[in-house]
Amino acid sequence: MSVESANGSGTEPVSAERFAREGLAALHRLTESARADVVRAAGLIADCVRADGVVQAFGTGHSQALVLEVAGRAGGLVPTNRISMADLVVYGGEHPSVLDDPLLEREPGVAARLYDLAAPHPQDLFVVVSNSGVNNVIVEMALHAKERGHRLLALTSLAHTRAVPAGHPSGRKLADLADVVLDNAAPRGDALLELPGGGAVSALSTLTGVMLVQMAVAEAAGLLLASGDRPPVYVSANVPGGFEGNLELEKRYAGRIRRTAS
């Protein structure tokens, strides 16, 4: 029995085909609506690379998927660093059990600690990813970066962030603090397909977020080439010479970028 007949309504059944169609339609709309913001975001990235800066990317939860899209992947920029909650343990000496705390993201001071462990340079660009844009550690990181003079690029859902209250004591949200906001166009709650009786399934933000990140990287590479600068990009480590070539490129940013297995 289909969802359509089960719920007694005329709505279209929830299916793979429906998500593919609506997801692709969202991507098509996004490539048009986000074009100007992508160009602005690419300008921040290109300026950072030209200034010998590093793109510092941070997110929690599923936003870490997009942080990985920014930092340390084949076809991506070499001067990129992933900031993770796990840094508290890997680099900060905390006991692994600290990561079991479900309220860790709400504790004041966590973002400042992560910032210090990353030891960013003044010319570094911060890219902060959060679908809601309201979690305490996300806003704290954004505030910390701005207070120290960094440019800030935010990747968030404006529909979601505008529909929920601020979680940080300042009343600020990620989008309020950014120099440039890339809106992933995901709905409130992220899931795209409504279920009969309430709820929804199939999140959209990762799909659209990847598109925005890769559009911005491509545009930044074009800007660098146009000004006579060779974009420092990773080759897949799984092609002959790729691993060795990447290590050579990374030498320029020794001590400033971290590549962990997890």
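All values derive from a computational prediction rather than experimental measurement. (Residues numbered from 1 in each chain as written. Predicted model: local features only at pLDDT ≥ 70, side-chain atom pairs only at ≥ 80, totals over all residues. Heavy atoms only, no water.)

Caption draft 1: Representation of the overall build of the chain in the model. The helix and strand inventory of the chain stands at 11 helices and seven strands. Against the globule reference of 18 Å for 262 residues, the chain gives a C-alpha radius of gyration of 20 Å, in line with a compact fold. For the chain, the spread of C-alpha atoms along the principal axes amounts to about 65 × 40 × 35 Å. Counting over 262 residues, the chain shows a buried share of 45%. In the chain, of all internal contacts separated by at least 6 residues, the share reaching a separation of at least 24 is 76%. Taken as a whole, the chain presents about 12700 Å² of accessible surface, with 56% of it coming from carbon and sulfur. Mean positive and mean negative side-chain charge positions of the chain (23 and 29 charges, respectively) differ by 4 Å. (Helix = DSSP H or I, 4+ residues; strand = E, 2+ residues; numbered from the N terminus. Rg over C-alpha atoms; globule rule 2.2 N^0.38 Å. Buried < 20%, exposed > 50% of the residue type's maximum accessible area, 1.4 Å probe, protein only. Contact = heavy atoms within 4.5 Å. Areas by Shrake-Rupley, 256 points an atom, 1.4 Å probe, with all protein chains shown as cover. Lys, Arg positive; Asp, Glu negative; His and termini not counted. Charge placed at Lys NZ, Arg CZ, Asp CG, Glu CD.)

Caption draft 2: Here's a closer look at the nonpolar core. Counting 29 residues, the largest nonpolar core has I45 and L153 as its most contacted members. Top contributing element to this core by residue count: helix α3 (residues 35-50), with eight residues. Non-local contacts of I45, meaning those with residues more than four positions away in its chain, are made with V55, L77, L125, L153, A216 and A220. Membership of the second largest hydrophobic core comes to 28 residues, among which are F58, A118, L177 and V181. (Core = buried A, V, L, I, M, F, W, Y, C linked by side-chain atoms within 4.5 Å.)

Caption draft 3: Region of interest: the packing of aromatic side chains. In the structure shown here, the tally under the stated rule is one aromatic pair. For the pair Y115 and F126, a centre-to-centre distance of 5.7 Å together with 15° between the ring planes defines the contact as stacked. In this pair, Y115 is assigned in helix α6 (residues 110-118) and F126 in strand β3 (residues 125-129), connecting sequence segments 11 residues apart. F126 matches Y115 in its accessibility class, with the two residues each being buried. (Phe/Tyr/Trp six-rings, centres within 6.5 Å; stacked < 30°, edge-to-face > 60°.)

Caption draft 4: Structural detail: the pattern of salt bridges. A complete count under the given rule lists 16 salt bridges for this structure. The shortest N-O distance in the salt bridge between R256 and D52 comes to 3.8 Å. On the criterion of sequence distance, the pair formed by R256 in the segment after α11 (242-250) and D52 in the loop between α3 and β1 (55-59) is long-range, its members being 204 residues apart. R256 sits in the buried class, given a relative accessible area of 11%. Looking at D52, the relative accessible area reads 28%, which means it is partly exposed. The partner of D87 in a salt bridge is R258, and the shortest N-O contact between them spans 2.8 Å. Taken as a pair, D87 in helix α5 (residues 87-90) and R258 in the segment after α11 lie far apart in primary sequence, 171 residues in all. In this structure, D87 and R258 share a single accessibility class: buried. (Salt bridge = Lys/Arg side-chain N within 4 Å of Asp/Glu carboxyl O.)

Any link to function would need more than the numbers given here.
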